[in-house]
Amino acid sequence: MSLSRRQLLLGAALGATGAVVHEDVGAASLQPSTTEAMATPPFEVIALSRMAYGARSGDFARVRTMGLTAYVDEQLNPNFNNDTDCNTRIANATLRIVYAAGTGFPAMDEMRGLVTLNKTQPELWELRVHPANAERIRPIDEVVAANWIRAIYSKWQLFEIMTDFWHNHFNVWAYSDTRISSLWSHYDKSVIRTNCYGNFRTFLEAVATSPAMLYYLDNATSRDGPANENYARELFELHTFGSQNYLNNIYDNWQEVPRDSQGRPIGYIDQDVYEAARAFTGWTVADGTGGIPNTGLFHYLDTWNDNAQKIVLANFLNANAGPQAHGKAVLDLVAKHPATIRNLCTKLCRRLVSDNPPASLIDKAVATWTANYTAPDQIKKTIRTILLAPEFLSTWGGKIRRPNEVVAAYLRSTGAEVKPSAELFTWVTLAGYRMFNWATPTGHPDESGYWSSSNALLNTWNLLFHLQQSYFPPATFDLQGQMPGSVTTVRQIVDFWIMRMLGYQPSALVKTKLLKLMGQNGNLDQPPTGTANDVKLRLSSLVHMIGMLPEFYTR
(Lines give C-alpha, C1' and ligand atoms only; values in the text may rest on other atoms or scores of the structure.)
Protein backbone atom coordinates (compact mmCIF):
# COMPACT_ATOMS: atom_id res chain seq x y z
CA MET A 1 0.00 0.00 0.00
CA SER A 2 1.34 3.40 -0.95
CA LEU A 3 0.14 6.20 1.28
CA SER A 4 -0.49 9.62 -0.14
CA ARG A 5 0.31 12.79 1.67
CA ARG A 6 -3.41 13.46 1.92
CA GLN A 7 -4.10 10.14 3.63
CA LEU A 8 -1.50 10.77 6.30
CA LEU A 9 -2.57 14.33 6.93
CA LEU A 10 -6.19 13.34 7.19
CA GLY A 11 -4.98 11.00 9.91
CA ALA A 12 -3.15 13.94 11.43
CA ALA A 13 -6.42 15.80 11.71
CA LEU A 14 -7.82 12.95 13.77
CA GLY A 15 -4.71 12.71 15.90
CA ALA A 16 -4.68 16.40 16.67
CA THR A 17 -7.76 15.95 18.81
CA GLY A 18 -5.58 14.18 21.33
CA ALA A 19 -2.24 15.79 20.73
CA VAL A 20 -1.47 19.31 21.81
CA VAL A 21 -1.31 21.53 18.76
CA HIS A 22 -1.13 25.30 18.78
CA GLU A 23 -4.57 26.83 18.47
CA ASP A 24 -3.75 28.81 15.33
CA VAL A 25 -2.22 25.91 13.40
CA GLY A 26 -4.35 22.84 13.94
CA ALA A 27 -3.30 19.76 12.02
CA ALA A 28 -6.60 19.84 10.12
CA SER A 29 -5.61 23.17 8.59
CA LEU A 30 -2.53 21.50 7.14
CA GLN A 31 -4.61 19.32 4.85
CA PRO A 32 -3.22 19.80 1.35
CA SER A 33 -5.06 19.97 -1.90
CA THR A 34 -5.60 16.69 -3.72
CA THR A 35 -3.03 17.72 -6.30
CA GLU A 36 -0.25 18.41 -3.82
CA ALA A 37 2.48 15.79 -4.07
CA MET A 38 5.20 14.98 -1.59
CA ALA A 39 8.57 16.05 -2.97
CA THR A 40 11.28 13.47 -3.53
CA PRO A 41 14.10 14.27 -1.10
CA PRO A 42 17.84 14.13 -1.76
CA PHE A 43 19.56 10.75 -1.56
CA GLU A 44 20.96 11.26 1.94
CA VAL A 45 17.42 11.67 3.30
CA ILE A 46 16.26 8.48 1.58
CA ALA A 47 19.30 6.60 2.86
CA LEU A 48 18.97 7.73 6.47
CA SER A 49 15.21 7.19 6.47
CA ARG A 50 15.57 3.56 5.37
CA MET A 51 18.97 2.46 6.60
CA ALA A 52 18.79 4.23 9.96
CA TYR A 53 16.37 5.30 12.65
CA GLY A 54 16.54 8.80 11.22
CA ALA A 55 19.33 11.38 11.27
CA ARG A 56 21.19 12.88 14.20
CA SER A 57 22.76 16.31 13.98
CA GLY A 58 25.26 16.35 11.12
CA ASP A 59 24.22 13.00 9.60
CA PHE A 60 22.63 14.44 6.45
CA ALA A 61 25.76 16.45 5.64
CA ARG A 62 28.07 13.54 6.40
CA VAL A 63 26.25 11.06 4.15
CA ARG A 64 25.93 13.69 1.40
CA THR A 65 29.69 14.24 1.52
CA MET A 66 30.75 10.60 1.60
CA GLY A 67 28.22 9.35 -0.99
CA LEU A 68 25.78 6.47 -0.92
CA THR A 69 28.21 3.67 -1.80
CA ALA A 70 30.68 4.60 0.91
CA TYR A 71 27.90 4.93 3.47
CA VAL A 72 26.40 1.56 2.56
CA ASP A 73 29.79 -0.15 2.78
CA GLU A 74 30.52 1.53 6.10
CA GLN A 75 27.21 0.37 7.56
CA LEU A 76 27.63 -3.18 6.27
CA ASN A 77 31.03 -3.51 7.97
CA PRO A 78 30.38 -2.36 11.53
CA ASN A 79 33.16 -2.17 14.09
CA PHE A 80 31.22 -2.50 17.32
CA ASN A 81 34.24 -1.60 19.40
CA ASN A 82 34.24 1.72 17.60
CA ASP A 83 30.93 2.82 19.06
CA THR A 84 32.12 4.26 22.33
CA ASP A 85 29.20 6.52 23.11
CA CYS A 86 26.59 3.81 22.59
CA ASN A 87 28.62 1.15 24.39
CA THR A 88 29.17 3.46 27.35
CA ARG A 89 25.49 4.28 27.57
CA ILE A 90 24.56 0.60 27.64
CA ALA A 91 27.24 -0.13 30.24
CA ASN A 92 25.96 2.70 32.45
CA ALA A 93 22.24 2.20 31.83
CA THR A 94 19.96 1.25 34.68
CA LEU A 95 16.39 0.05 34.69
CA ARG A 96 14.10 -0.09 37.67
CA ILE A 97 13.02 -3.47 38.98
CA VAL A 98 10.33 -3.63 41.64
CA TYR A 99 8.26 -6.39 43.21
CA ALA A 100 6.69 -7.25 46.54
CA ALA A 101 8.04 -9.82 48.94
CA GLY A 102 6.79 -13.37 48.56
CA THR A 103 7.38 -16.76 50.02
CA GLY A 104 11.11 -17.15 50.46
CA PHE A 105 12.17 -13.90 48.79
CA PRO A 106 12.29 -10.24 49.88
CA ALA A 107 10.75 -7.21 48.24
CA MET A 108 12.84 -5.44 45.61
CA ASP A 109 12.91 -1.84 44.42
CA GLU A 110 16.16 -0.75 42.85
CA MET A 111 17.72 0.78 39.76
CA ARG A 112 19.75 -2.07 38.31
CA GLY A 113 22.23 -2.22 35.45
CA LEU A 114 21.66 -4.32 32.34
CA VAL A 115 23.44 -7.25 33.92
CA THR A 116 21.92 -10.11 31.94
CA LEU A 117 23.12 -8.96 28.51
CA ASN A 118 26.42 -10.80 28.78
CA LYS A 119 25.45 -13.75 30.95
CA THR A 120 26.07 -17.23 29.60
CA GLN A 121 23.21 -19.44 28.55
CA PRO A 122 23.44 -21.65 31.68
CA GLU A 123 23.54 -18.54 33.88
CA LEU A 124 20.41 -17.16 32.24
CA TRP A 125 18.73 -20.55 32.50
CA GLU A 126 18.82 -20.32 36.30
CA LEU A 127 16.54 -17.26 36.20
CA ARG A 128 13.58 -19.31 34.96
CA VAL A 129 12.98 -20.69 38.45
CA HIS A 130 13.32 -17.42 40.34
CA PRO A 131 10.20 -17.00 42.53
CA ALA A 132 9.66 -13.40 41.39
CA ASN A 133 8.25 -13.06 37.89
CA ALA A 134 9.97 -9.69 37.49
CA GLU A 135 13.30 -11.49 37.72
CA ARG A 136 12.24 -14.17 35.26
CA ILE A 137 11.33 -11.60 32.61
CA ARG A 138 14.16 -9.22 33.46
CA PRO A 139 16.33 -10.31 30.48
CA ILE A 140 13.60 -9.19 28.07
CA ASP A 141 13.36 -5.76 29.70
CA GLU A 142 17.11 -5.34 29.54
CA VAL A 143 17.30 -6.30 25.86
CA VAL A 144 14.47 -3.86 25.10
CA ALA A 145 16.37 -1.09 26.93
CA ALA A 146 19.64 -1.91 25.17
CA ASN A 147 17.93 -1.98 21.78
CA TRP A 148 16.40 1.44 22.37
CA ILE A 149 19.81 2.82 23.28
CA ARG A 150 21.31 1.31 20.13
CA ALA A 151 18.47 2.59 17.94
CA ILE A 152 19.03 6.14 19.20
CA TYR A 153 22.79 6.28 19.67
CA SER A 154 24.57 3.50 17.77
CA LYS A 155 26.77 4.39 14.81
CA TRP A 156 25.72 1.14 13.18
CA GLN A 157 22.17 2.01 12.36
CA LEU A 158 21.64 -0.41 9.48
CA PHE A 159 22.62 -3.29 11.74
CA GLU A 160 19.91 -2.23 14.19
CA ILE A 161 17.36 -1.96 11.38
CA MET A 162 18.23 -5.47 10.23
CA THR A 163 18.23 -6.85 13.80
CA ASP A 164 14.65 -5.62 14.10
CA PHE A 165 13.84 -7.19 10.72
CA TRP A 166 15.14 -10.62 11.71
CA HIS A 167 13.50 -10.51 15.13
CA ASN A 168 10.20 -10.10 13.30
CA HIS A 169 11.00 -12.68 10.63
CA PHE A 170 11.93 -15.27 13.27
CA ASN A 171 9.42 -13.92 15.76
CA VAL A 172 9.26 -15.44 19.22
CA TRP A 173 6.79 -14.22 21.84
CA ALA A 174 9.32 -13.62 24.58
CA TYR A 175 6.79 -13.27 27.39
CA SER A 176 4.94 -16.49 26.56
CA ASP A 177 7.11 -18.76 28.71
CA THR A 178 9.59 -18.00 31.47
CA ARG A 179 12.03 -20.50 29.97
CA ILE A 180 12.04 -18.22 26.93
CA SER A 181 12.13 -14.95 28.84
CA SER A 182 15.05 -16.06 31.01
CA LEU A 183 17.10 -16.90 27.90
CA TRP A 184 16.12 -13.83 25.89
CA SER A 185 19.54 -12.18 25.99
CA HIS A 186 20.94 -15.30 24.35
CA TYR A 187 18.36 -15.30 21.55
CA ASP A 188 18.99 -11.63 20.78
CA LYS A 189 22.78 -11.78 20.95
CA SER A 190 23.80 -15.27 19.87
CA VAL A 191 21.07 -16.07 17.37
CA ILE A 192 19.73 -12.85 15.82
CA ARG A 193 22.67 -10.45 16.08
CA THR A 194 25.33 -13.05 15.34
CA ASN A 195 23.69 -14.03 12.07
CA CYS A 196 22.20 -10.68 11.04
CA TYR A 197 24.56 -10.19 8.08
CA GLY A 198 25.62 -13.82 7.73
CA ASN A 199 24.54 -16.93 5.83
CA PHE A 200 20.85 -17.78 5.80
CA ARG A 201 21.29 -21.56 6.03
CA THR A 202 23.49 -21.11 9.09
CA PHE A 203 20.99 -18.63 10.50
CA LEU A 204 18.14 -21.07 9.98
CA GLU A 205 19.86 -23.78 12.00
CA ALA A 206 20.79 -21.35 14.77
CA VAL A 207 17.11 -20.49 15.09
CA ALA A 208 15.99 -24.12 14.87
CA THR A 209 18.31 -25.10 17.72
CA SER A 210 17.66 -22.08 19.92
CA PRO A 211 15.74 -22.88 23.10
CA ALA A 212 13.59 -19.79 22.53
CA MET A 213 12.21 -21.12 19.24
CA LEU A 214 12.15 -24.73 20.47
CA TYR A 215 9.84 -23.74 23.33
CA TYR A 216 7.81 -21.15 21.43
CA LEU A 217 6.82 -23.53 18.63
CA ASP A 218 6.73 -26.65 20.83
CA ASN A 219 9.48 -28.60 19.12
CA ALA A 220 11.18 -29.07 22.50
CA THR A 221 8.55 -31.71 23.33
CA SER A 222 8.30 -33.27 19.86
CA ARG A 223 9.06 -36.97 19.76
CA ASP A 224 8.41 -39.99 17.62
CA GLY A 225 4.73 -40.91 17.44
CA PRO A 226 3.26 -38.45 16.69
CA ALA A 227 5.54 -35.49 16.08
CA ASN A 228 4.46 -31.96 16.97
CA GLU A 229 4.13 -30.07 13.68
CA ASN A 230 4.08 -26.48 14.95
CA TYR A 231 7.71 -25.66 14.23
CA ALA A 232 7.79 -27.49 10.90
CA ARG A 233 4.68 -25.64 9.70
CA GLU A 234 6.08 -22.20 10.56
CA LEU A 235 9.43 -23.20 9.07
CA PHE A 236 7.70 -23.51 5.70
CA GLU A 237 5.02 -20.85 6.06
CA LEU A 238 6.97 -18.04 7.70
CA HIS A 239 10.70 -18.75 7.88
CA THR A 240 11.29 -19.98 4.32
CA PHE A 241 8.72 -20.63 1.54
CA GLY A 242 6.00 -18.22 2.64
CA SER A 243 2.27 -18.90 2.73
CA GLN A 244 1.93 -17.93 -0.95
CA ASN A 245 3.70 -21.19 -1.80
CA TYR A 246 1.40 -23.42 0.27
CA LEU A 247 -0.38 -25.58 -2.30
CA ASN A 248 -2.43 -27.96 -0.21
CA ASN A 249 -5.64 -26.35 -1.44
CA ILE A 250 -4.72 -27.71 -4.88
CA TYR A 251 -2.74 -30.87 -4.20
CA ASP A 252 -2.87 -33.39 -1.37
CA ASN A 253 -0.21 -35.77 -2.67
CA TRP A 254 3.44 -34.80 -3.01
CA GLN A 255 3.69 -36.65 -6.32
CA GLU A 256 1.06 -34.34 -7.85
CA VAL A 257 2.82 -31.07 -7.06
CA PRO A 258 4.27 -29.60 -10.31
CA ARG A 259 8.05 -29.48 -10.59
CA ASP A 260 10.35 -26.75 -11.83
CA SER A 261 13.03 -27.22 -14.48
CA GLN A 262 15.30 -28.87 -11.92
CA GLY A 263 12.70 -31.32 -10.68
CA ARG A 264 11.85 -29.47 -7.46
CA PRO A 265 8.23 -29.10 -6.32
CA ILE A 266 7.14 -25.51 -6.92
CA GLY A 267 5.55 -25.30 -3.47
CA TYR A 268 4.84 -27.30 -0.33
CA ILE A 269 1.85 -29.20 1.02
CA ASP A 270 0.83 -30.69 4.35
CA GLN A 271 2.67 -33.92 3.65
CA ASP A 272 5.93 -31.96 3.58
CA VAL A 273 5.07 -30.38 6.92
CA TYR A 274 4.22 -33.73 8.54
CA GLU A 275 7.38 -35.37 7.25
CA ALA A 276 9.56 -32.43 8.26
CA ALA A 277 8.05 -32.51 11.75
CA ARG A 278 9.20 -36.13 12.06
CA ALA A 279 12.69 -35.05 11.00
CA PHE A 280 12.95 -32.62 13.93
CA THR A 281 11.86 -35.06 16.65
CA GLY A 282 14.42 -35.23 19.43
CA TRP A 283 15.57 -31.60 18.89
CA THR A 284 14.98 -30.34 22.41
CA VAL A 285 16.51 -28.43 25.34
CA ALA A 286 18.76 -29.72 28.11
CA ASP A 287 16.27 -29.16 30.93
CA GLY A 288 17.41 -31.82 33.39
CA THR A 289 14.57 -34.25 32.81
CA GLY A 290 15.19 -37.94 32.18
CA GLY A 291 18.85 -37.71 33.10
CA ILE A 292 19.86 -35.17 30.46
CA PRO A 293 21.93 -32.12 31.50
CA ASN A 294 20.18 -29.09 32.99
CA THR A 295 21.94 -26.23 31.22
CA GLY A 296 19.33 -24.66 28.96
CA LEU A 297 21.44 -25.52 25.92
CA PHE A 298 20.21 -27.27 22.78
CA HIS A 299 20.11 -31.04 23.24
CA TYR A 300 19.53 -33.83 20.74
CA LEU A 301 17.69 -36.78 22.29
CA ASP A 302 18.11 -39.77 20.03
CA THR A 303 15.53 -41.86 21.86
CA TRP A 304 12.86 -39.34 20.86
CA ASN A 305 13.89 -39.24 17.21
CA ASP A 306 11.86 -40.84 14.44
CA ASN A 307 14.67 -42.32 12.36
CA ALA A 308 12.51 -44.00 9.71
CA GLN A 309 12.53 -42.97 6.04
CA LYS A 310 10.87 -39.65 5.14
CA ILE A 311 9.88 -37.82 1.97
CA VAL A 312 10.24 -34.03 2.04
CA LEU A 313 9.82 -31.89 -1.08
CA ALA A 314 10.03 -35.05 -3.20
CA ASN A 315 13.35 -36.01 -1.61
CA PHE A 316 13.79 -39.34 0.13
CA LEU A 317 15.62 -39.17 3.45
CA ASN A 318 17.01 -42.61 4.17
CA ALA A 319 16.31 -44.36 7.46
CA ASN A 320 18.90 -44.38 10.27
CA ALA A 321 20.84 -41.49 8.77
CA GLY A 322 22.41 -40.46 12.07
CA PRO A 323 21.90 -37.83 14.78
CA GLN A 324 20.08 -34.69 13.52
CA ALA A 325 20.75 -35.73 9.93
CA HIS A 326 17.14 -35.60 8.78
CA GLY A 327 16.48 -32.25 10.41
CA LYS A 328 19.58 -30.73 8.84
CA ALA A 329 18.62 -32.20 5.48
CA VAL A 330 15.24 -30.48 5.72
CA LEU A 331 16.94 -27.18 6.52
CA ASP A 332 19.17 -27.67 3.47
CA LEU A 333 16.17 -28.33 1.23
CA VAL A 334 14.11 -25.36 2.33
CA ALA A 335 17.01 -22.90 2.56
CA LYS A 336 18.09 -23.31 -1.04
CA HIS A 337 14.66 -23.65 -2.63
CA PRO A 338 13.83 -20.85 -5.14
CA ALA A 339 10.54 -20.14 -3.36
CA THR A 340 12.43 -19.41 -0.15
CA ILE A 341 14.95 -17.20 -1.91
CA ARG A 342 12.28 -15.11 -3.60
CA ASN A 343 10.22 -14.86 -0.42
CA LEU A 344 13.21 -13.70 1.64
CA CYS A 345 14.40 -11.25 -1.00
CA THR A 346 10.92 -9.80 -1.37
CA LYS A 347 10.70 -9.28 2.38
CA LEU A 348 14.11 -7.60 2.46
CA CYS A 349 13.12 -5.25 -0.38
CA ARG A 350 9.83 -4.50 1.34
CA ARG A 351 11.64 -3.61 4.57
CA LEU A 352 14.38 -1.54 2.98
CA VAL A 353 12.55 0.13 0.09
CA SER A 354 8.78 -0.02 -0.31
CA ASP A 355 5.62 -1.94 0.53
CA ASN A 356 5.49 -2.85 -3.16
CA PRO A 357 9.10 -3.11 -4.28
CA PRO A 358 9.84 -3.20 -8.02
CA ALA A 359 10.09 -6.69 -9.48
CA SER A 360 13.39 -5.71 -11.07
CA LEU A 361 14.86 -5.01 -7.63
CA ILE A 362 13.67 -8.32 -6.24
CA ASP A 363 15.23 -10.09 -9.23
CA LYS A 364 18.60 -8.47 -8.51
CA ALA A 365 18.42 -9.50 -4.87
CA VAL A 366 17.48 -13.06 -5.84
CA ALA A 367 20.48 -13.25 -8.18
CA THR A 368 22.90 -12.14 -5.47
CA TRP A 369 21.34 -14.37 -2.82
CA THR A 370 21.51 -17.41 -5.13
CA ALA A 371 25.07 -16.77 -6.31
CA ASN A 372 26.24 -16.53 -2.70
CA TYR A 373 24.28 -19.41 -1.24
CA THR A 374 27.27 -20.82 0.66
CA ALA A 375 28.98 -17.51 1.38
CA PRO A 376 29.37 -16.60 5.05
CA ASP A 377 28.17 -13.07 4.23
CA GLN A 378 25.32 -14.04 1.91
CA ILE A 379 22.81 -11.74 3.60
CA LYS A 380 25.20 -8.78 3.67
CA LYS A 381 25.91 -9.09 -0.04
CA THR A 382 22.21 -9.24 -0.82
CA ILE A 383 21.47 -6.17 1.27
CA ARG A 384 24.25 -4.31 -0.54
CA THR A 385 22.71 -5.21 -3.89
CA ILE A 386 19.36 -3.81 -2.76
CA LEU A 387 20.74 -0.59 -1.32
CA LEU A 388 22.94 0.25 -4.30
CA ALA A 389 20.42 -0.64 -7.00
CA PRO A 390 18.95 2.32 -8.93
CA GLU A 391 15.51 1.34 -7.63
CA PHE A 392 16.57 2.23 -4.08
CA LEU A 393 16.69 5.93 -4.88
CA SER A 394 14.04 6.03 -7.59
CA THR A 395 11.21 4.99 -5.25
CA TRP A 396 9.79 7.21 -2.53
CA GLY A 397 6.55 7.50 -0.63
CA GLY A 398 5.73 3.80 -0.58
CA LYS A 399 6.34 3.14 3.08
CA ILE A 400 5.93 4.81 6.47
CA ARG A 401 7.78 4.41 9.71
CA ARG A 402 6.39 2.18 12.43
CA PRO A 403 5.73 3.83 15.82
CA ASN A 404 9.06 2.70 17.30
CA GLU A 405 10.84 4.10 14.25
CA VAL A 406 9.02 7.42 14.52
CA VAL A 407 9.91 7.78 18.18
CA ALA A 408 13.55 6.80 17.65
CA ALA A 409 13.83 9.21 14.70
CA TYR A 410 12.26 12.00 16.77
CA LEU A 411 14.69 11.45 19.63
CA ARG A 412 17.66 11.25 17.28
CA SER A 413 16.79 14.32 15.25
CA THR A 414 16.09 16.49 18.29
CA GLY A 415 19.26 15.48 20.10
CA ALA A 416 17.29 14.33 23.12
CA GLU A 417 19.01 12.75 26.07
CA VAL A 418 17.27 9.41 26.57
CA LYS A 419 17.16 6.96 29.43
CA PRO A 420 14.95 4.00 28.48
CA SER A 421 12.30 3.23 31.05
CA ALA A 422 9.07 1.31 31.50
CA GLU A 423 7.11 4.47 30.63
CA LEU A 424 8.69 4.63 27.18
CA PHE A 425 8.13 0.93 26.55
CA THR A 426 4.48 1.18 27.58
CA TRP A 427 3.73 4.15 25.35
CA VAL A 428 5.29 2.56 22.29
CA THR A 429 3.30 -0.58 23.03
CA LEU A 430 0.10 1.51 23.13
CA ALA A 431 0.99 2.79 19.66
CA GLY A 432 1.01 -0.81 18.48
CA TYR A 433 4.68 -1.82 18.39
CA ARG A 434 5.05 -4.55 21.00
CA MET A 435 8.76 -5.24 20.98
CA PHE A 436 9.31 -8.98 21.64
CA ASN A 437 5.69 -9.15 22.79
CA TRP A 438 3.95 -10.01 19.52
CA ALA A 439 2.04 -13.20 20.26
CA THR A 440 1.76 -14.82 16.83
CA PRO A 441 4.72 -16.21 14.86
CA THR A 442 4.11 -13.73 12.03
CA GLY A 443 5.90 -10.84 13.75
CA HIS A 444 4.78 -7.23 13.32
CA PRO A 445 3.17 -6.36 9.97
CA ASP A 446 5.49 -4.67 7.52
CA GLU A 447 3.03 -2.75 5.39
CA SER A 448 1.96 0.85 5.87
CA GLY A 449 -1.76 0.16 5.95
CA TYR A 450 -1.48 -1.44 9.37
CA TRP A 451 0.49 1.44 10.85
CA SER A 452 -1.62 4.27 9.43
CA SER A 453 -4.61 3.54 11.65
CA SER A 454 -5.90 6.41 13.77
CA ASN A 455 -4.96 4.51 16.95
CA ALA A 456 -1.35 4.01 15.93
CA LEU A 457 -0.94 7.58 14.69
CA LEU A 458 -2.72 9.21 17.62
CA ASN A 459 -0.78 7.33 20.29
CA THR A 460 2.51 7.96 18.54
CA TRP A 461 1.85 11.71 18.24
CA ASN A 462 0.74 11.89 21.85
CA LEU A 463 3.94 10.14 22.84
CA LEU A 464 6.00 12.71 20.91
CA PHE A 465 4.25 15.40 22.92
CA HIS A 466 4.67 13.67 26.28
CA LEU A 467 8.34 13.05 25.64
CA GLN A 468 8.96 16.79 25.77
CA GLN A 469 7.17 17.30 29.08
CA SER A 470 9.03 17.56 32.34
CA TYR A 471 6.83 14.93 33.98
CA PHE A 472 7.88 12.28 31.49
CA PRO A 473 11.20 10.81 32.64
CA PRO A 474 12.66 8.90 29.66
CA ALA A 475 13.89 11.92 27.71
CA THR A 476 15.12 15.48 28.19
CA PHE A 477 15.36 18.10 25.45
CA ASP A 478 17.34 21.31 24.98
CA LEU A 479 15.94 22.60 21.72
CA GLN A 480 17.08 26.19 22.17
CA GLY A 481 20.54 25.12 23.23
CA GLN A 482 21.07 23.19 20.01
CA MET A 483 20.49 26.12 17.71
CA PRO A 484 23.61 28.04 16.63
CA GLY A 485 23.86 31.60 17.86
CA SER A 486 23.30 32.82 14.32
CA VAL A 487 19.80 31.32 14.26
CA THR A 488 17.68 34.07 15.75
CA THR A 489 14.75 35.00 13.51
CA VAL A 490 11.48 33.13 13.09
CA ARG A 491 12.37 32.13 9.55
CA GLN A 492 15.82 30.92 10.58
CA ILE A 493 14.41 28.90 13.47
CA VAL A 494 11.82 27.18 11.30
CA ASP A 495 14.38 26.46 8.58
CA PHE A 496 16.85 25.10 11.13
CA TRP A 497 14.41 22.53 12.53
CA ILE A 498 12.99 21.60 9.13
CA MET A 499 16.44 20.78 7.81
CA ARG A 500 17.50 19.15 11.05
CA MET A 501 14.49 16.82 11.22
CA LEU A 502 13.48 16.38 7.56
CA GLY A 503 16.61 17.22 5.60
CA TYR A 504 14.59 18.95 2.89
CA GLN A 505 11.85 21.52 2.52
CA PRO A 506 8.19 20.49 2.75
CA SER A 507 5.49 22.06 0.57
CA ALA A 508 4.95 25.81 0.57
CA LEU A 509 1.63 25.33 2.37
CA VAL A 510 3.18 23.40 5.21
CA LYS A 511 6.11 25.78 5.45
CA THR A 512 3.74 28.75 5.71
CA LYS A 513 1.82 27.11 8.54
CA LEU A 514 5.00 26.31 10.43
CA LEU A 515 6.16 29.91 10.07
CA LYS A 516 2.81 31.11 11.34
CA LEU A 517 3.02 28.81 14.33
CA MET A 518 6.45 30.10 15.31
CA GLY A 519 5.91 33.72 14.27
CA GLN A 520 2.38 34.35 15.56
CA ASN A 521 1.77 37.09 12.98
CA GLY A 522 5.00 38.84 13.91
CA ASN A 523 7.83 39.78 11.57
CA LEU A 524 9.30 36.53 10.26
CA ASP A 525 12.70 38.14 9.86
CA GLN A 526 12.85 39.19 13.49
CA PRO A 527 13.21 37.07 16.65
CA PRO A 528 9.95 35.52 17.89
CA THR A 529 7.83 37.82 19.99
CA GLY A 530 6.54 37.09 23.49
CA THR A 531 8.07 36.06 26.77
CA ALA A 532 10.91 33.56 26.94
CA ASN A 533 8.48 30.93 28.09
CA ASP A 534 6.10 31.70 25.19
CA VAL A 535 8.93 31.24 22.71
CA LYS A 536 10.01 28.03 24.39
CA LEU A 537 6.51 26.59 24.18
CA ARG A 538 6.12 27.58 20.52
CA LEU A 539 9.48 26.02 19.71
CA SER A 540 8.36 22.81 21.40
CA SER A 541 5.12 22.86 19.38
CA LEU A 542 7.04 23.54 16.18
CA VAL A 543 9.26 20.50 16.69
CA HIS A 544 6.25 18.40 17.66
CA MET A 545 4.42 19.51 14.51
CA ILE A 546 7.35 18.65 12.26
CA GLY A 547 7.47 15.22 13.90
CA MET A 548 3.85 14.69 12.81
CA LEU A 549 4.36 15.62 9.16
CA PRO A 550 4.10 13.00 6.40
CA GLU A 551 7.63 13.96 5.38
CA PHE A 552 8.85 12.81 8.80
CA TYR A 553 6.88 9.59 8.64
CA THR A 554 7.95 8.53 5.15
CA ARG A 555 10.79 6.07 4.79
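Residues numbered from 1 in each chain as written. Predicted model: local features only at pLDDT ≥ 70, side-chain atom pairs only at ≥ 80, totals over all residues. Heavy atoms only, no water.

For the chain, the name recorded in an unreviewed UniProt entry is DUF1800 domain-containing protein, with Herpetosiphon gulosus as its organism.

## Observations concerning the side chain of E205
On the secondary structure map, E205 appears in helix α12 (residues 200-208). A polar contact of 3.0 Å, which involves the side chain of E205, links it to the side chain of R201. Every residue in contact with E205, bar those within four places of it in the chain, is listed here: K328 and L331. (Helix = DSSP H or I, 4+ residues; strand = E, 2+ residues; numbered from the N terminus. Polar contact = N/O pair within 3.5 Å; in protein donor to acceptor, adjacent residues only side chain to side chain. Contact = heavy atoms within 4.5 Å.)

## Details of the nonpolar core
Ranked by size, the top nonpolar core spans 159 residues in total, and within it M162, W166 and W497 carry the most contacts. No other element matches the 10 residues that helix α8 (residues 138-153) contributes to this core. With near-sequence residues (within four places) excluded, M162 lies in contact with C196, Y197, L348, L352 and I383. Among the nonpolar cores identified, the runner-up in size contains six residues, and L247, Y251, V257 and I311 belong to it. (Core = buried A, V, L, I, M, F, W, Y, C linked by side-chain atoms within 4.5 Å. Buried < 20%, exposed > 50% of the residue type's maximum accessible area, 1.4 Å probe, protein only.)

## Focus: the confidence of the model for the chain
Across the chain, pLDDT averages 93, with 93% of residues at or above 70. The low-confidence segment residues 1-35, where pLDDT is below 50, has 74 contacts with residues more than four positions distant or belonging to other chains. (pLDDT = per-residue confidence, 0-100.)

## A closer look at the state of the cysteines
Under the criterion given, the structure shown has zero disulfides. The thiol sulfur of C86 is not disulfide-bonded, and the nearest other cysteine sulfur, from C196, lies at 15 Å. Here C345 is not disulfide-linked; the sulfur of C349 is the nearest cysteine sulfur, at 6.6 Å. By relative accessible area, which is 0% here, C345 ends up buried. (Disulfide = S-S within 2.5 Å.)

## As for the pattern of salt bridges
In the structure shown here, the tally under the stated rule is 34 salt bridges. Put simply, E160 and R193 hold a salt bridge, and the shortest N to O gap is 3.0 Å. Separated by 33 residues along the polypeptide, E160 in helix α9 (residues 157-169) and R193 in helix α11 (residues 184-195) bring together distant segments of the chain. Exposure class is identical for E160 and R193. Each is buried. Measuring nitrogen to oxygen at the nearest pair gives 3.0 Å for the salt bridge that ties R193 to D188. According to the relative accessible area criterion, R193 is buried, its value standing at 11%. You can call D188 buried: its relative accessible area is 4%. (Salt bridge = Lys/Arg side-chain N within 4 Å of Asp/Glu carboxyl O.)

## As for the pairing of strand β1 (residues 94-99)
Across the two faces of β1 the burial differs, with L95, I97 and Y99 buried and T94, R96 and V98 not buried at all. Here six bridges tie β1 to strand β2 (residues 108-113), and the two strands are oriented antiparallel to one another. Along β2, the bridge assignment pairs V98 with D109. (Pairing = 2+ DSSP bridges.)

## Topic: the packing of aromatic side chains
Taken as a whole and assessed by the stated rule, the structure comprises 28 aromatic pairs. Ring centres of F80 and F159 lie 4.9 Å apart, and the angle between their planes is 70 degrees; this geometry places the pair in the edge-to-face category. Here F159 lies in helix α9 and F80 lies in the loop between α4 (68-76) and α5 (84-92), a separation of 79 residues in the sequence. Residue F80 is classed as partly exposed on the basis of its relative accessible area, which comes to 39%. (Phe/Tyr/Trp six-rings, centres within 6.5 Å; stacked < 30°, edge-to-face > 60°.)

## Focus on α9
If you check α9, its first and last C-alpha atoms are 19 Å apart, about what 13 residues at 1.5 Å a residue would give, namely 18 Å. Burial of α9 is extensive: 13 of the 13 residues sit out of reach of the surface. (Expected span 1.5 Å × (residues − 1).)

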